[in-house]
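Structural overview for review
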Amino acid sequence: MQRSSERSIITLLSDFGSLYPAQMKGAILSRARDAVLVDIAHDVPPQDVRAGAFALMAAARHFPAGTVHLAVVDPGVGTGRLGIVVESGGHTFVGPDNGLLIPAARSLGVPEAWMIDQVFFEGASPTFHGRDVFAPAAAALASGAAPSSFGPRISPKELQMGSAEISEDWMEAEVVYVDGFGNVIINATEIPWDVVILAGRRLMRARTYAEAGPDEPLITIGSHGFAEIAVRGGSAEGLFGLAPGDRILLERGNCSE
Amino acid sequence: MQRSSERSIITLLSDFGSLYPAQMKGAILSRARDAVLVDIAHDVPPQDVRAGAFALMAAARHFPAGTVHLAVVDPGVGTGRLGIVVESGGHTFVGPDNGLLIPAARSLGVPEAWMIDQVFFEGASPTFHGRDVFAPAAAALASGAAPSSFGPRISPKELQMGSAEISEDWMEAEVVYVDGFGNVIINATEIPWDVVILAGRRLMRARTYAEAGPDEPLITIGSHGFAEIAVRGGSAEGLFGLAPGDRILLERGNCSE
Amino acid sequence: MQRSSERSIITLLSDFGSLYPAQMKGAILSRARDAVLVDIAHDVPPQDVRAGAFALMAAARHFPAGTVHLAVVDPGVGTGRLGIVVESGGHTFVGPDNGLLIPAARSLGVPEAWMIDQVFFEGASPTFHGRDVFAPAAAALASGAAPSSFGPRISPKELQMGSAEISEDWMEAEVVYVDGFGNVIINATEIPWDVVILAGRRLMRARTYAEAGPDEPLITIGSHGFAEIAVRGGSAEGLFGLAPGDRILLERGNCSE
């Protein structure tokens, strides 16, 4: 997929914090010295596969075709869960088969998946497949290995991202990510009403944060395509006390409110 | 400005935390695949243009001529505020026209600025010009585009950094940054007295942190050229309860104190 | 050591947080433009040389021979402490002579060390040798300079990592690192009993985190080769209130407990 004159790009996403990503990078550069490594995020909430899937999906489409995405949010490491390679829209993904890779792959095309055969797990640390299995696989993919060289085709585990339940007067949604501004991103891709109520407070429906008054809460479709609750100059996370995984009820308000 | 055999360096600075910088990097690498990307900081306090300007100024001079600096601390995103390209001392800066780029540009030479024409904003996410306007502009600049290709010359918005008010017996200063050690950096480039009092406590005037006794507060000119209040083996941020934007009064002390 | 067609890898580790690492990177890229820069960690607890030594040791072995490791956790910056270059197992290390580099160097082979002559410190900021001395030295090493070009051979300061005291019925150990999951890593490389008690609680001895029940504490040999106390789906740091530098007593338990 890579033209030979180009350096391959490998993105990295995990819930590892700061100690372990460098070990994955060393494992990659030991095998694919010319790879260009780009961190997506390593502060995904620990073991929150859904939050990791959101972060990966929001970033993957902005990278050029040919990019390999290495993603590890992996509560089942060391158990019987499989490792997979997924190809979609010219991008390749590698990581655990727990749904993490699927929303990103679906956002780029029609995914095809291959399992990573058990032989690749031999000798690996039982607690760090990211370094000992998935990073070497990413290096091999970046160096031109075919996804089918890792094992047979499989149907990967699914994970739906944009699946809020919307009725005429209310929306039941789930918080999928809280970003560095305290903006609360939910699993909805539309805002069906002009006035939205959350926990008794009116959310201004806005196109930009600056449309709201100081400290005013608002709701907008964020740059990632998902609905996002924000507070101008403040933190919606703090105001509403929300965290990833929380379920919230949004209600249709009246324009006179 | 780049010799053709060299890879262009692009630095990135923002208040985005971890989710959005990777999307800017993808947007750059999709257009300038050989660019070398270096993060300056993405944990600038949210929407604190002055703190971001300080971090950019402290770092820019250490990069080689030809570097492109992409900086986005942008409370006015989606409003009528302009985007600009600034050239100074062989470095190029791109970001919002809110003063963020100016102290760094002034520290390197005599800045010249060009606006980024509205045509470059068409189709951009109203909440993420960093990814959809400034990152592509940085990639174009790194690939050899002239700053004047983005729009007409303008006078950019100003922002002064080193502007503490100093009299014979006191200094009124503003906290511009708190670093990872809890060292408190203020907008002064000199310490005019041998003994300095802050909030009733004597600050030892020191050349190095190790000159002070354990847990002793000190004041020094930091490696960035600005006055810095520190506590040996501790945190001045914690001891004095200071944050970026706070105004403080430093008083001249007696040597006998 | 580098083949001329390969880009040199330089890793960076510090306790600097986010503002200062970029300045070291600029200093490197101004001198060794083709270097590939990889962060190991910049959130080492401030001035905790032992925690930094652990993080460096855990990562270094995963990088290819020829890598230069720049590490700066440096409470004595500006004092008479020396700077050193250490070579071991085909890797080169540069930083302060305070033990920081030694466990990593020992993990790769038999270290040889050279001091960095005082001439290299002339004109350096007294508070930032990382940028003004060690980063330029790393760039020179990555460009082919010999370690002996910096000064004479010396015996570096020692630092032992895996030195828990183990008897038949108890182990006195020190916390060396707390990772992003709240896993508590201690200075022991073996777990001598089938049942381990910490602060009155039984730690399940496990090969993988998933072997424990929800919220159950466990002890395992981590991917870094050191004993690690964890809580499945939770934080051992939070449950036991532990931080780097804490001394703990582990006791041998009975299988019937």
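The residue numbering used here restarts from 1 in each chain and proceeds along that chain's sequence as written. Think of it this way: whatever chain is written first is A, whatever ligand is written first is 1, and the rest follow in order. In view of the model being predicted, local features appear only for residues whose pLDDT reaches at least 70, and side-chain atom pairs are presented and counted only at 80 or more, with totals across whole chains, interfaces and linings using the full set of residues. Calculation of side-chain values draws on the structure's entire complement of heavy atoms; hydrogens and water are dropped beforehand.

1. Thoughts on the sheet that holds strand E7 (residues 153-154) of chain C
The cut-off we apply is this: Two strands pair if DSSP finds at least two bridges between them. Segments assigned H or I by DSSP are reported as helices when at least four residues long, segments assigned E as strands when at least two residues long, and all are numbered from the N terminus. Only heavy atoms enter the contact rule, under which two residues are in contact if any of them lie within 4.5 Å. Where helices are involved, their axes are fitted lines through C-alpha atoms of the stretch in contact, as for all axes, and angles between N-to-C directions lie from 0 to 180°.
Strand order in the open sheet made by the 7 strands is E2-E1-E3-E5-E4-E6-E7 (chain C), with mixed pairing throughout. Each of the sheet's edge strands pairs with one partner strand only, and the pair in question is strand E2 (36-41) and E7 of chain C. Relative to strand E6 (residues 112-116) of chain C, strand E4 (residues 83-88) of chain C runs antiparallel, the two sharing 5 bridges. Following the sheet pairing, C:Val86 is matched in E6(C) by C:Ala113. Where helix H1 (residues 21-29) of chain A meets the sheet, its contacts fall on strand E1 (9-14) and E2 of chain C, and the angle it forms with E2(C) comes to roughly 150 degrees. Against the sheet, helix H1 (residues 21-29) of chain C makes contact with E1, E2 and strand E3 (68-72) of chain C, and its axis sits at roughly 155 degrees relative to E1(C), the strand it touches most.

2. Some details on the interface of chain B and chain A
The condition that has to hold: Summed over both partners, the accessible area lost on bringing two parts together, with a 1.4 Å probe, is the buried area. Should a side-chain nitrogen of Lys or Arg be within 4 Å of a carboxyl oxygen of Asp or Glu, the pair is scored as a salt bridge. Any N or O atom pair separated by 3.5 Å or less is treated as a polar contact, with the protein-specific requirement of one donor-capable and one acceptor-capable atom, and with residues adjacent in sequence counted only for side-chain atom pairs.
The interface is formed by 27 residues belonging to chain B together with 33 residues belonging to chain A. Note on chain B versus chain A: buried area summed over both sides is about 2500 Å², and carbon and sulfur give 57% of it. Interface area lost by chain B to chain A is led by B:Leu19, B:Arg33 and B:Thr127, which between them contribute 28%. Between chain B and chain A we count 1 salt bridge in total. Among the ionic pairs, A:Arg7 bridges to B:Asp34, the shortest N-O distance being 3.7 Å. Remark: the boundary between chain B and chain A carries 8 residue pairs in polar contact (both at pLDDT 80 or more).

3. Digging into the pattern of salt bridges
Residues and elements named next belong to chain A. Under the defined criterion, the tally for this structure stands at 33 salt bridges over all chains. The salt bridge involving Asp 39 is made with Lys 25; its shortest N-O contact spans 2.8 Å. Here Asp 39, found in strand E2 (residues 36-41), pairs with Lys 25, found in helix H1; they are 14 residues apart in sequence, far enough to count as distant. Taken together, the shared-partner salt bridges in this structure form one network comprising Arg 50, Glu 172, Glu 174 and Arg 247.

4. Thoughts on the interface of chain A and chain C
Short version of the rule: Amino acids are sorted into nonpolar (Ala, Val, Leu, Ile, Met, Phe, Trp, Tyr, Cys and Pro), charged (Asp, Glu, Lys and Arg) and polar (every other residue, Gly among them).
Taken together, the 27 residues of chain A in the interface contact 33 residues of chain C. Area buried by chain A at its contact with chain C is led by A:Leu19, A:Arg33 and A:Thr127, which between them contribute 28% of it. At the boundary of chain A and chain C, one finds 1 salt bridge. At 6 residues, H1(A) tops the list of elements feeding residues into the side of chain A that touches chain C. For the side of chain A that touches chain C, the class distribution of residues is 12 nonpolar, 9 polar and 6 charged.

5. Digging into the packing of aromatic side chains
As a reminder of what qualifies: Here a Phe, Tyr or Trp ring, Trp counted by its six-membered ring, pairs with any other such ring whose centre lies within 6.5 Å, and the pair is stacked when the planes are under 30 degrees apart, edge-to-face when over 60, and tilted otherwise. Think of it in three bands: with a 1.4 Å probe and only protein chains considered, a residue is buried below 20% of the maximum accessible area for its type, exposed above 50%, and partly exposed in between.
Per the stated rule, a full pass over the model turns up 24 aromatic pairs over all chains. Seen in terms of ring centroids, B:Phe181 and C:Phe16 are 6.2 Å apart; in terms of plane orientation they differ by 65 degrees. Their pairing is edge-to-face. Here B:Phe181 is found in the loop between strand E9 (170-178) and strand E10 (184-186), whereas its partner C:Phe16 is found in the loop between E1 and H1 on a different chain. Overall, B:Phe181 belongs to the buried group, its relative accessible area being 17%. When the centroid spacing of 6.1 Å and the interplanar angle of 80 degrees are considered together, the rings of C:Phe16 and C:Tyr20 count as edge-to-face. Of the residues examined, C:Phe16 reaches a relative accessible area of 8% and is grouped as buried. A residue is classified by how much of its surface remains accessible, and C:Tyr20, at 6% relative accessible area, is buried.

6. Observations regarding the pairing of strand E11 (residues 195-198) of chain B
Residue and element names in this part refer to chain B. Neither face of E11 is left uncovered, since the one carrying Val 195 and Ile 197 and the one carrying Val 196 and Leu 198 both have all their residues buried. Where E11 meets strand E12 (residues 201-205), 4 bridges bridge the pair, whose relative direction is antiparallel. Along E12, the bridge assignment pairs Val 196 with Leu 203. Connecting the antiparallel pair E11 and E12 is a turn made up of 2 residues, with Ala 199 showing a positive phi of about 50 degrees.

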